[in-house]
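# Breakdown of the fold
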Protein chains: 2
Amino acid sequence: MDFARTTLRWNGWGWNDAPDTLGEKADAVWMWMGRTLGVDPLPHTPAKPLPEIALPPIRLSAEQLGALAQRSAPDRVKTDDYERAFHARGRSYHDLLHLRAGVVDTAPDAVVYPESAEETLALVQYAAAHRIAVVPFGGGSSVVGGVTARAGAGHLGVITLDMTHMNQVLSIDEVSMTARIQAGIYGPALEEALQARGYTLGHYPQSFEFSTLGGWIAPRGAGQQSNKYGKAERWLVSATLATPQGLWITEGFPGSAAGPQLRDLVAGSEGLLGVITEAVVKIHRAPEAKDYRGYIFMDFGAGIEAARAMMQNGVPTAMIRLSDPDETFFYHALHTGGEADPSLRFCLMLVGLEGGADDVAAARVRSMEICEKHGGMHMGESLGDAWYKGRFSTPYLRDPMLDRGLGVDTLETATAWSNLLPLHEAVTAAVREAMAANAAAPGAKGIVMSHVSHSYRDGASLYFTFAFPRALGRDIEQWLAIKRAASETILAHGGTISHHHGVGEDHLPWIAREKGPVGIGLLRAAKEQLDPEGILNPGKLLA
Amino acid sequence: MDFARTTLRWNGWGWNDAPDTLGEKADAVWMWMGRTLGVDPLPHTPAKPLPEIALPPIRLSAEQLGALAQRSAPDRVKTDDYERAFHARGRSYHDLLHLRAGVVDTAPDAVVYPESAEETLALVQYAAAHRIAVVPFGGGSSVVGGVTARAGAGHLGVITLDMTHMNQVLSIDEVSMTARIQAGIYGPALEEALQARGYTLGHYPQSFEFSTLGGWIAPRGAGQQSNKYGKAERWLVSATLATPQGLWITEGFPGSAAGPQLRDLVAGSEGLLGVITEAVVKIHRAPEAKDYRGYIFMDFGAGIEAARAMMQNGVPTAMIRLSDPDETFFYHALHTGGEADPSLRFCLMLVGLEGGADDVAAARVRSMEICEKHGGMHMGESLGDAWYKGRFSTPYLRDPMLDRGLGVDTLETATAWSNLLPLHEAVTAAVREAMAANAAAPGAKGIVMSHVSHSYRDGASLYFTFAFPRALGRDIEQWLAIKRAASETILAHGGTISHHHGVGEDHLPWIAREKGPVGIGLLRAAKEQLDPEGILNPGKLLA
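Residues numbered from 1 in each chain as written. Chains lettered and ligands numbered in written order. Predicted model: local features only at pLDDT ≥ 70, side-chain atom pairs only at ≥ 80, totals over all residues.

## Concerning the overall build of chain A
Which entries qualify depends on this criterion: Each helix is a run of H or I in the DSSP string that is no shorter than four residues. Each strand is a run of E no shorter than two, and both are numbered from the N terminus. C-alpha atoms define the radius of gyration in this analysis, and the globule rule sets the expected value at 2.2 Å times the number of residues to the power 0.38. With C-beta atoms placed from the backbone, a residue is buried if 20 or more other C-beta atoms are within 10 Å of its own, exposed if 12 or fewer are, and partly exposed between those counts. By the convention adopted here, residues make contact when the C-beta atoms placed from their backbones lie within 7 Å.
Looking only at helices and strands, chain A has 18 helices and 18 strands in total. Here chain A has a C-alpha radius of gyration of 23 Å; the compact-globule value for 543 residues is 24 Å, and the two agree. Dimensions of chain A, computed from the C-alpha atoms along their principal axes, are close to 65 × 60 × 45 Å. Taken across its 543 residues, chain A has 57% of its residues classed as buried. For chain A, contacts bridging at least 24 residues in sequence account for 77% of all contacts bridging at least 6.

Right under this line is the structure:
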């Protein structure tokens, strides 16, 4: 299954004809949001339609386009405006500000859809020989500028390899519980094929509907249930990549001491070391039971202690999602169309359990005991079920917010348990201050909220969402200022610049500091070794 | 705590004055072993004493030795014969054949004991600037030639950095359950310091008594209870290394998407990328309960299925050790001084559980159910307790075997569950045939046995032991032939060349094939970047 690109928004989230996610609550929500953010009424700021936008000229010659077609097929080399615009950028807030304003200042000269590892390799090697940049593209859902169609210095142009024709589950090893899967498969097709055989990968990021296996591996992505199923680097057994030096098939052992496992470099390589064509991944039996329920904590720190106790006592959770008071209030208000009391300061924790019925029952008892011991009030399954039903819906809110002069972005980090609360406080304060300092107008108010989203024995991640009235006309500068403040604060307070979104273009200014001079030198050496012409995804991760 | 080198055998295992591990059963065991291996009586083949051995001349000048002393301290630069011989090689069978024969053809020109990361860095950078090779050395227990004191082409000499003065637990983060520990600490001192605070790392390799934290990380080692505590790469949070390019402090986040995590290159780097000076590691609460018990399976395949079921159903074992019929018989005979019936073909599985008392009780019920379902007969705790008491004793058997004209070595691999039995059969047959083809004399018999030693959801490791009468005078060639046969078979049948011993010098001929041309190019590029003079541990891993 691949999605015809014209059925999807080229400058937003999801299907072109997707219904309004807010339904009949829409008017009430917008009124409340306008009041909350200090903009009443909300302005009308529609995106520029594609026919009104001039795309940059195509730099590749007919001969070069012919060479690409020879290595794939004529009908799989696309140069029309919709394909070029669709693949111009990912779907970050930063990307959307450009696309919606009609600033398609960079776009692939051609989009090629390879159908095998051999074709992918031939395309990569042709591009390397002719100094044409190559951007690997799955669902294109990057929120950090991971797939911007950019040529590097000295490159003649840029092609995007859209991998979504490579979308088959090739084989399942039911004894070893692994599956060999092509990298361009979308989430729903992957799970459909596995679940038809009784298995699951269990990787459900918020972008699940419109993201691919390769797109999960390349930036070290995480699904919402990563406590059980693991981030990409944990479920990745081996990967095959097309590199300028040839096909790279990594090790694929359950454990090995034969030197560093280079597979570990693939997760996080963001297309800079090669184009992932297929992967072997660990699978699980499709869960017999799921149990998602809510707990209310009067204090964020108490909720964190409960999450930590579950992780460090080995309670097998699939998900622990602990919202801070601001986020708890926001979602409550959102669901009620503004009917929420902001003076109530409490934290909602959702605990998700998946697996065999007996295991889930046992984990329910243990997690409930721990939550209650830490002051959590059990709220039953309704809050959990509601979250589960809407777990992919939040991204759909962004386009209508952008249509109304509002901005919204997310960022995430991770740190040790002992540093989680200080980091949360510092980043919250930094984002709040930066939104105030860069307010669109007097009276405009920004809000910032967050939740603990993925937990480990030694620490956890924090996921921040911030929304604010856009400073129309200078909204990129406004976003950059907020992003900079948040990122500087994360680094200064011992967090990683990203827990699962990746680096892309947006986090580039901070990666060298996070890795240190020796580390960044190592990464650059790996890049130079596999891709001396620097054609693979220029401008991301290492610049 | 560090061990004065003169209290330890320079050419064997453990303390100089260690008592005979066989005790009063010794005579019976040797008679049985001679009969079993077809050598009766066993010959007397003692090791050559150090005073009779000529060491290679020291190549470093007084000025160079003075420069080393300036960067450490005069009394921490050693050039006496015992220090040089002790650090000449690790403790592989291959190493011992050299050392016992008095062939100390390569030895460090000096042994330096740094006491800080800064000293280590100064020594490494001095060595790099003066083209002197550097061998990092912890306990020196490598069984794959990982610490042979070898200079590379163009090097003026070789120094060994003995890290055992850097042996402190620096801090414990009780909230995040991590500890910052210097790399040269021996196993017993590390566990003593952690357990005094109620914690454990839980890393107990067979070499535990005489190996160090850095020595566990560098080759991606595994403790016997790795099912629970993980191999080194799983418990490693971050590492600090002294490299020719400066101090390298890796990332240390519980999870991150900020590019590939370069920490993952440290585990398995075998000293080639830098000298590990300290590490942050994940710790656990010291287990409240331990439960080790035996099960008998009439069939190796049935035992494997039981192990797989425990792993894939999430039963939290600390250890599953499943011996094949040959190993089960051998250890039975060893413990009874030969009173065992070789016609009984069954397999002993030891299941070890560690943790909170309730968790262990629950895991006991589940593991027992699974074992019995697969035909395992529960044998109670006595076999488990006996194994636990003697879990570090096997290495002590090798020296007395070598004293009696016998050879013994181990090798290990890992593969997917679906490939475990075929790999087991192929390697067993290859080692058996190679021992026969390279027999010391007509009538000499080799034996090979193995066990599943570390398990994962997707596969497991196999640990082989083989013993045979040495072809005296050509015993290195004999060993090489057996090793070559086993290694070729492992690669041809989808196993890794090592699961936890590492590559060192012994597995060098196979690493490039295992990594593939693109992978090995990447590793070489990383090496070239950090150590362009190739001074760090020459001749290991990448040659």
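Past the structure itself, the notes keep going.
## Re the relation of the copies chain A and chain B
Here is the rule we go by: Least-squares fitting of one copy onto the other uses the C-alpha atoms of those residues that reach a pLDDT of at least 70 in both copies.
The operation relating chain A to chain B is a screw motion whose rotation component is 180°, with 0.0 Å of axial translation and a residual RMSD of 0.0 Å. Between the two chains, the operation in question is that of a two-fold axis. Taken together, the interface assignments show that 100% of the residues at the interface of chain A recur at the interface of chain B, consistent with an identical surface on both copies.

## Section: the interface of chain A and chain B
Applied cut-off: Note on residue classes: Ala, Val, Leu, Ile, Met, Phe, Trp, Tyr, Cys and Pro are nonpolar, Asp, Glu, Lys and Arg are charged, and everything else, Gly too, is polar.
Counting residues at the interface gives 73 residues for chain A, matched by 73 residues for chain B. Among the secondary structure elements, those contributing two or more residues to the side of chain A that touches chain B are β8 (236-243), β9 (246-249), α10 (263-266), β16 (406-416), β18 (459-469) and α18 (508-530) of chain A. The element best represented in the side of chain A that touches chain B is α18 of chain A, accounting for 15 residues. When its residues are assigned to classes, the side of chain A that touches chain B shows 31 nonpolar, 30 polar and 12 charged.

## Observations regarding the sheet that holds strand β13 (residues 319-323) of chain A
Residues and elements named next belong to chain A. Stated formally: When DSSP locates at least two bridges between a pair of strands, those strands are taken to pair. Axes, fitted as lines to C-alpha atoms, cover a helix only where it is in contact. Angles between the N-to-C directions of the axes lie from 0 to 180 degrees.
What the 7 strands build is an open sheet, ordered β15-β12-β14-β13-β17-β18-β16; its pairing is antiparallel. The two strands at the open ends of the sheet, each matched to only one other strand, are β15 (377-378) and β16. Bridge analysis of β16 against β18 gives 11 bridges, and the strand direction is antiparallel. Paired with valine 408 across the strands is alanine 467, a residue of β18. Taken strand by strand, helix α1 (residues 26-37) contacts β16, β17 (447-455) and β18, and its axis lies near 90° from that of β18. Helix α11 (residues 300-312) rests against β12 (289-297), β13, β14 (347-355), β17 and β18 of the sheet, and its axis sits at about 170° to β13.

## Quick look at the packing of helix α4 (residues 93-100) of chain A against helix α17 (residues 475-492) of chain A
Helix-helix packing is characterised by the crossing angle of the two axes and by the distance between the axes. Residue and element names in this part refer to chain A. Using the following cut-off: Angular relationships are summarised with four words: roughly parallel below 35 degrees, roughly antiparallel beyond 145, roughly perpendicular across 65 to 115, and oblique for the angles in between.
Put simply, α4 and α17 touch, their axes get as near as 10 Å, and they point 175° apart. As summarised for this structure, α4 and α17 are arranged roughly antiparallel, according to the angle between their axes. Contact residues: Tyr93, His94 and Leu97 in α4; Asp475, Ile476 and Trp479 in α17. Its residues assigned to classes, the contact of α4 with α17 shows 4 nonpolar, 1 polar and 1 charged.

## Considerations on the environment of phenylalanine 392 of chain B
Residue and element names in this part refer to chain B. Secondary-structure assignment places phenylalanine 392 in the loop between α14 (382-389) and α15 (395-403). Phenylalanine 392 gets classed as partly exposed once you count the C-beta atoms within 10 Å, which come to 17. A C-alpha to C-alpha distance of 27 Å links phenylalanine 392 and methionine 177, two positions 215 residues apart in sequence. For phenylalanine 392, the contacting residues outside a window of four places in its chain are Gln206, Phe208 and Glu209.

## Things to note about the domain arrangement of chain A
Residues and elements named next belong to chain A. The following threshold applies: For the domain bounds, the source is a domain assignment made automatically or taken from a database.
You can read the domains of chain A as domain 1 (169-285) and domain 2 (289-492). On a C-alpha basis, the centroid separation for the pair domain 1 and domain 2 is 27 Å. Between domain 1 and domain 2, the contact holds 10 residues from the first and 13 residues from the second.

## Overview of the packing of helix α11 (residues 300-312) of chain B against helix α13 (residues 357-373) of chain B
All names here are of chain B. What counts here: Handedness of a crossing is defined here by the sense of rotation of the near helix relative to the far one, left-handed for an anticlockwise turn of less than a right angle and right-handed for a clockwise turn.
Contact geometry for α11 and α13: axes closest at 9 Å, N-to-C directions at 145°. Along this stretch, α11 crosses α13, giving a crossing that reads as right-handed. For the pair α11 and α13, the contacting residues are Ala306, Ala309 and Met310 in the first and Ser367, Ile370 and Cys371 in the second. Looking at the contact of α11 with α13 residue by residue, the classes come out as 5 nonpolar, 1 polar and no charged.

## Focus: the confidence of the model for chain A
The condition is simple: Per-residue confidence from the predictor is reported as pLDDT, which spans 0 to 100.
On average, residues of chain A score 96 in pLDDT, and 100% of them are at 70 or above. Overall fold confidence (pTM) sits at 0.97, and the ipTM for the predicted complex is 0.97.

## Remarks on the environment of aspartate 81 of chain A
Residues and elements named next belong to chain A. For aspartate 81, the location among the structural elements is in helix α3 (residues 81-86). In this structure, the C-alpha to C-alpha distance between aspartate 81 and glycine 214, residues 133 residues apart in sequence, is 25 Å. Once residues within four sequence positions are removed from consideration, aspartate 81 is found in contact with Leu50 and Leu55.

## Description of the environment of serine 367 of chain A
Residues and elements named next belong to chain A. With respect to the helices and strands, serine 367 occurs in helix α13 (residues 357-373). In this structure serine 367 comes out as buried when scored by C-beta crowding, with 28 C-beta atoms within 10 Å. Filtering out sequence-adjacent residues up to four positions away, serine 367 remains in contact with Met310, Val315, Thr317 and Val351.

## Some words on the sheet that holds strand β1 (residues 77-78) of chain B
All names here are of chain B. The 4 strands are arranged β1-β2-β4-β3 in an open sheet whose pairing can be described as mixed. At either end of the open sheet lies a strand with only one pairing partner, and these are β1 and β3 (132-137). Relative to strand β4 (residues 157-162), β3 runs parallel, the two being bridged by 6 bridges. Looking at the pairing, valine 134 lines up with isoleucine 159 of β4.

## Topic: unusual backbone geometry
Cis geometry is found at the peptide bond from aspartate 40 of chain A to proline 41 of chain A, where omega equals 0°. Assignment of secondary structure puts proline 41 of chain A in the loop between α1 and α2 (62-71). Positive phi outside glycine occurs at arginine 131 of chain B, with the angle close to 50°. Structurally, arginine 131 of chain B is set in the loop between α5 (117-129) and β3. Even without a glycine there, the phi angle at glutamate 270 of chain B is positive, about 50°. As for its position among the elements, glutamate 270 of chain B is in the loop between α10 (263-266) and β10 (275-282).

## A look at helix α6 (residues 187-196) of chain A
Residues and elements named next belong to chain A. Inspection of α6 places Gly187, Ala189, Leu190 and Leu194 among the buried residues, and these make up the whole buried set. At its buried positions, α6 is contacted by β5 (169-173), β6 (178-182), β7 (199-200) and α7 (213-217). Taken from the residues just after α6, glycine 198 is the one with a positive phi, measuring 95°.

## Thoughts on the pairing of strand β6 (residues 178-182) of chain B
Residue and element names in this part refer to chain B. Buried residues dominate β6, accounting for 4 of its 5 residues. Sheet topology places strand β5 (residues 169-173) next to β6; 4 bridges connect them, and they run antiparallel. Looking at β6, one finds that aspartate 173 is bridged to threonine 178. The antiparallel pairing of β5 with β6 creates a hairpin that spans 4 residues between the two strands, and methionine 177 there sits at a positive phi of about 60°. Two strands pair when backbone bridges link them, and β6 and β10 are joined in this way by 5 bridges, in the antiparallel orientation. Each bridged residue has a counterpart across the sheet, and for arginine 180 the counterpart in β10 is valine 280.

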